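A structural walkthrough
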Amino acid sequence: MVESGLFYSTFVDPLLVKIRKKTAGHIAPGQKIVDIACGTGALVFELAKKADFVLGIDLSPSMIKKASHTKKKHGIQNTEFRVCDASGLTTLNKHEFDVATLSLALHQFSPQLYNSVLNEMKRISKKIIIVDYAVPLPENFWGTGSKAIEYLAGREHYRNFRTFYKNGGLESILKENDMTIETAEYFVQNIFHLVVAHPNHSKQ
Ligand SMILES: C[S@@+](CC[C@H](N)C(=O)[O-])C[C@H]1O[C@@H](n2cnc3c(N)ncnc32)[C@H](O)[C@@H]1O
């Protein structure tokens, strides 16, 4: 699904500040990072405060336009943005990056994409950080609110969210895709799940 950068930066990004900071907490100075499905680049800019270089890629030209505008406006040198499909990152080399991140995107991908996107992340980076909805979501205002937001995002979006949920969320999907989870934490009223993982070497 291709989304609008202006809408996302106005209404969604401000809600996610804590998630970006938590993710950046797993980055070491000097690292080279790729943020897959980077949206407006909010996570890229947070990671760039610590990392040597951060590349953001997204399928939506509107998102990349917004991210590139912010980069230029704030003169952030150690970042780059490209329109790219996460399921075929043919211009990126094997183990080119220390870390690949994927934030709040897997739940909206069609399940047919899980394998190709995760395989590309494993190919281009040594370590993987993924943030997405916790499964199960808590049975409270926050959990119900998250489901309502996904419902309101449209039929295809909600169908993909439900499939992500039925598949058991990050932990199950990553294990099925030959990854070992190093650490996992829950935050923001336990609605988000952050997982640090690495590819199983025998399968590489
Ligand atoms: C919910 S947004 C998340 C954006 C950002 N990662 C964040 O944390 O705010 C999902 C993003 O996935 C992008 N996207 C969807 N399909 C994609 C694909 N096949 N390849 C790359 N990006 C994709 C959308 O354009 C959108 O920007």
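Located above this text is the structure these notes cover.
Presented here is an overview of the structure given in this document. Because the structure is predicted, anything quoted here is derived from the model rather than measured. (Residues numbered from 1 in each chain as written. Predicted model: local features only at pLDDT ≥ 70, side-chain atom pairs only at ≥ 80, totals over all residues. Heavy atoms only, no water.)

Concerning the overall build of the protein chain
What the protein chain contains, in helices and strands, is 8 helices and 7 strands. Here the protein chain has a C-alpha radius of gyration of 16 Å; the compact-globule value for 204 residues is 17 Å, and the two agree. When its C-alpha atoms are laid out on the principal axes, the protein chain stretches across 45 × 45 × 30 Å. Across the 204 residues in the protein chain, those meeting the buried criterion constitute 45%. When contacts within the protein chain are restricted to residue pairs at least 6 apart in sequence, those whose partners lie at least 24 apart make up 69%. Measuring between centres, the 25 positive side-chain charges of the protein chain sit 3 Å from its 20 negative side-chain charges. (Helix = DSSP H or I, 4+ residues; strand = E, 2+ residues; numbered from the N terminus. Rg over C-alpha atoms; globule rule 2.2 N^0.38 Å. Buried < 20%, exposed > 50% of the residue type's maximum accessible area, 1.4 Å probe, protein only. Contact = heavy atoms within 4.5 Å. Lys, Arg positive; Asp, Glu negative; His and termini not counted. Charge placed at Lys NZ, Arg CZ, Asp CG, Glu CD.)

Quick notes on the pattern of salt bridges
Counted according to the given criterion, the structure contains 7 salt bridges. Glu185 is the salt-bridge partner of Lys22, the closest N and O atoms lying 3.9 Å from each other. A residue pair is termed long-range when its members are at least 10 positions apart, and Lys22 in helix H2 (residues 17-24) and Glu185 in strand E6 (residues 179-187) qualify at 163 residues. On the accessibility criterion, Glu185 (24% relative accessible area) is partly exposed. Ionic pairing is found between Glu96 and Lys32, a salt bridge with its closest N-O pair at 3.6 Å. One end of the pair, Glu96, is in the loop between strand E3 (79-83) and strand E4 (97-103); the other, Lys32, is in strand E1 (residues 32-36), and 64 residues separate them in sequence. Among the residues examined, Glu96 registers a relative accessible area of 25% and is labelled partly exposed. (Salt bridge = Lys/Arg side-chain N within 4 Å of Asp/Glu carboxyl O.)

Considering the pairing of strand E2 (residues 53-58)
Within E2, 5 of the 6 residues are buried, which leaves it mostly tucked inside the rest of the structure. Strand direction decides the pairing type here: E1 and E2, joined by 5 bridges, are parallel. Bridge assignment links Val34 to a residue of E2, and that residue is Leu55. Traced from E1 through helix H3 (residues 42-47) to E2, the parallel crossover comes out right-handed. In this view, the connection linking E2 to its parallel neighbour E3 by way of helix H4 (residues 61-74) has right-handed handedness. (Pairing = 2+ DSSP bridges. Right-handed = clockwise from strand over helix to strand, strands pointing away.)

A look at the sheet that holds E6
Reading across from one edge, E3-E2-E1-E4-E5-E7-E6 is the order of the 7 strands in this open sheet, with mixed pairing throughout. Of all strands in the sheet, those bounded by a partner on one side alone are E3 and E6. Averaged over all neighbouring strand pairs, the angle between strand axes comes to 20 degrees, with direction disregarded. Where E6 lies against strand E7 (residues 192-199), 8 bridges are found, and the strand directions are antiparallel. From the neighbouring strand, Thr180 faces E7, where its bridge partner is His198. (Axes fitted to C-alpha atoms, helices over the stretch in contact; angles between N-to-C directions.)

Quick look at unusual backbone geometry
Between Val135 and Pro136 the backbone carries a cis peptide bond, its omega angle lying at 0 degrees. The backbone of Ala37 sits at a positive phi, close to 55 degrees, despite the residue not being glycine. With respect to the secondary-structure elements, Ala37 resides in the loop between E1 and H3.

Quick notes on the side chain of Gln31
Mapped onto the elements, Gln31 comes out in the loop between H2 and E1. Of the residues examined, Gln31 reaches a relative accessible area of 16% and is grouped as buried. Among residues more than four places away in sequence, those in contact with Gln31 are His26, Ala51, Asp52, Phe53, Asp98 and Val99.

So, the packing of helix H6 (residues 141-152) against helix H7 (residues 155-166)
H7 packs onto H6 with a crossing angle of 140 degrees between their chain directions and a minimal axis gap of 7 Å. As summarised for this structure, H6 and H7 are arranged oblique, according to the angle between their axes. For the pair H6 and H7, contact is made by Lys147, Glu150 and Tyr151 and by His157, Tyr158, Phe161 and Tyr165, respectively. (Parallel < 35°, antiparallel > 145°, perpendicular 65-115°, else oblique.)

All we've got here are geometric facts, nothing functional implied.
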